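Listed below, chain by chain, are the residues.
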Amino acid sequence: MKRFENILFATQGLPGHAEALGQAMQIAANNRVPLTGLIACPYFPGDMAQYQVSFEQALMDTVQQSIDTCRVESHITSDAVPFPIETKTSEQPAVCIIKHAQAHNHDLIIKEAEPLNEGAEGFKAIDMTLLRKCPSPVWLQRSTDKPLHKRRVAVAIDPFTETEEHHALSLRLLELACSIADSCDSRLHVLSCWENYLESYPNNQGWIQIDEQQLASEVAKAQQDHFQALRDLIEEAGVSCELVVHHLHGKPDTKIPESIEDYDVDVLVMGTLARTGISGFVIGNTAENILQSITCSLVAMKPEGFISPIR
């Protein structure tokens with residue numbers, strides 16, 4: 001089954017895009033779908049305008065050379081995956097990419113993640129704008145020394161959803177993550193966190209005393225209910241890849257980044273839950289905290305019906 005129909009490779013033309021470019025070409029080849037490239041480059045104002053054309057051409061030549069190299073390494077011909085590229089100038093690269101994706105109905109954007117300083121985590125400004133405001137799924141690729149067949153894929157899932165849109169998103173996340181895992185080490189790590197809200201309250205408050213046995217019973221029930229809901233969701237999704245389920249006790253914004261490190265995850269698939277059907281996106285606090293605490297590649301999706309504030 002084709003997961004995407006019209007892929008956009010977006011770049012600023014800076015060094016470090018080869019990994020994302022190769023990923024885009026591989027997905028397009030595997031699914032036999034169109035792939036185009038966009039170089040979002042800075043605008044040269046005033047006295048520097050004379051350098052604009054030559055600068056854009058230099059970026060185009062650099063990206064084209066990377067494409068040619070990737071074709072040779074991946075054995076992907078121009079007949080199998082045509083790859084037209086264009087440049088656009090903008091003072092806001094993320095806005096430029098989002099507008100282009102909307103205008104051409106791209107259903108996946110693949111981009112190299114902005115490089116982090118040593119010891120830093122999360123994503124920088126341009127990438128965060130894409131994650132917050134782009135209606136299309138966004139794949140932010142980070143460089144890795146692992147060969148493709150050894151890369152580990154994980155999906156973050158909450159089986160308890162408040163709306164039909166969020167339930168549908170969870171099913172799409174499982175399906176997409178399984179598809180990605182099939183092209184990597186074949187296993188999909190499912191990360192799902194549970195807790196009982198009463199656990200976070202101290203049991204020595206004067207206004208309430210909870211029987212320890214009763215509390216333990218409630219916590220055990222929360223664990224069981226969550227696990228059963230997770231099993232039901234996985235069964236409904238009907239995914240066929242090998243699953244490694246991690247039923248994590250604790251808060252997602254703590255346990256998921258820890259699990260990514262513990263299980264050496266290379267690609268995390270997750271939803272950035274949004275209010276749907278309205279303009280103006282507020283990313284969920286939990287998702288925001290997770291995004292700022294990871295160093296792996298990320299594939300992020302929003303629920304159907306999300307309306308970007310960028311037109």
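We now turn to the structure provided with this report. This is a predicted model, so every value here is computed, not measured. (Residues numbered from 1 in each chain as written. Predicted model: local features only at pLDDT ≥ 70, side-chain atom pairs only at ≥ 80, totals over all residues. Heavy atoms only, no water.)

Here we look at the overall build of the protein chain
Inference 1: Across its full length, the protein chain holds eight helices and 10 strands.
Inference 2: Summarising its shape, the C-alpha atoms of the protein chain cover approximately 75 × 45 × 40 Å along the three principal directions.
Inference 3: Taken across its 311 residues, the protein chain has 46% of its residues classed as buried.
Inference 4: In the protein chain, once contacts between residues fewer than 6 apart in sequence are set aside, the share between residues at least 24 apart is 78%. (Helix = DSSP H or I, 4+ residues; strand = E, 2+ residues; numbered from the N terminus. Buried < 20%, exposed > 50% of the residue type's maximum accessible area, 1.4 Å probe, protein only. Contact = heavy atoms within 4.5 Å.)

Observations concerning the packing of aromatic side chains
For any pair of aromatic rings, geometry is given as the distance between the ring centres together with the angle between the planes.
Inference 1: This model, assessed by the stated rule, comprises two aromatic pairs.
Inference 2: Each ring, one from F9 and one from F83, has its centre 6.2 Å from the other, and the planes form 80°; the classification is edge-to-face. Residue F9 is located in strand β1 (residues 7-11), and its partner F83 is located in the loop between α2 (52-74) and β3 (85-89); the two are separated by 74 residues in the primary sequence. With respect to burial, F9 and F83 carry one shared label: buried.
Inference 3: Judged by centre distance (5.0 Å) and plane angle (50°), the ring pair of F44 and F55 falls under tilted. Of this pair, F44 sits in the loop between β2 (35-41) and α2 while F55 sits in helix α2; the two residues are 11 residues apart in sequence, bridging distant segments of the chain. (Phe/Tyr/Trp six-rings, centres within 6.5 Å; stacked < 30°, edge-to-face > 60°.)

Details of the nonpolar core
One broad rule of soluble globular proteins: the nonpolar side chains tend to lie buried together.
Inference 1: Formed by 48 residues in total, the largest nonpolar core has its most connected members in I7, L35, V155, L188 and V269.
Inference 2: Here this core takes nine residues from helix α5 (residues 164-182), the largest share from any one element.
Inference 3: Discounting residues that sit within four places of it in the chain, V269 has contacts with V153, A154, V155, A156, L173, L176, A177, I180 and V299.
Inference 4: Within the second largest apolar cluster, 38 residues are counted, among which are I126, V138, I256 and I310. (Core = buried A, V, L, I, M, F, W, Y, C linked by side-chain atoms within 4.5 Å.)

Description of the side chain of S297
Inference 1: Tracing the backbone through its elements, the reader meets S297 in strand β10 (residues 297-301).
Inference 2: Judged by relative accessible area, which is 3%, S297 ranks as buried.
Inference 3: At 2.8 Å, the side chain of S297 and the backbone nitrogen of R142 are in polar contact.
Inference 4: For S297, the contacting residues outside a window of four places in its chain are L140, Q141, R142, D266, V267 and L268. (Polar contact = N/O pair within 3.5 Å; in protein donor to acceptor, adjacent residues only side chain to side chain.)

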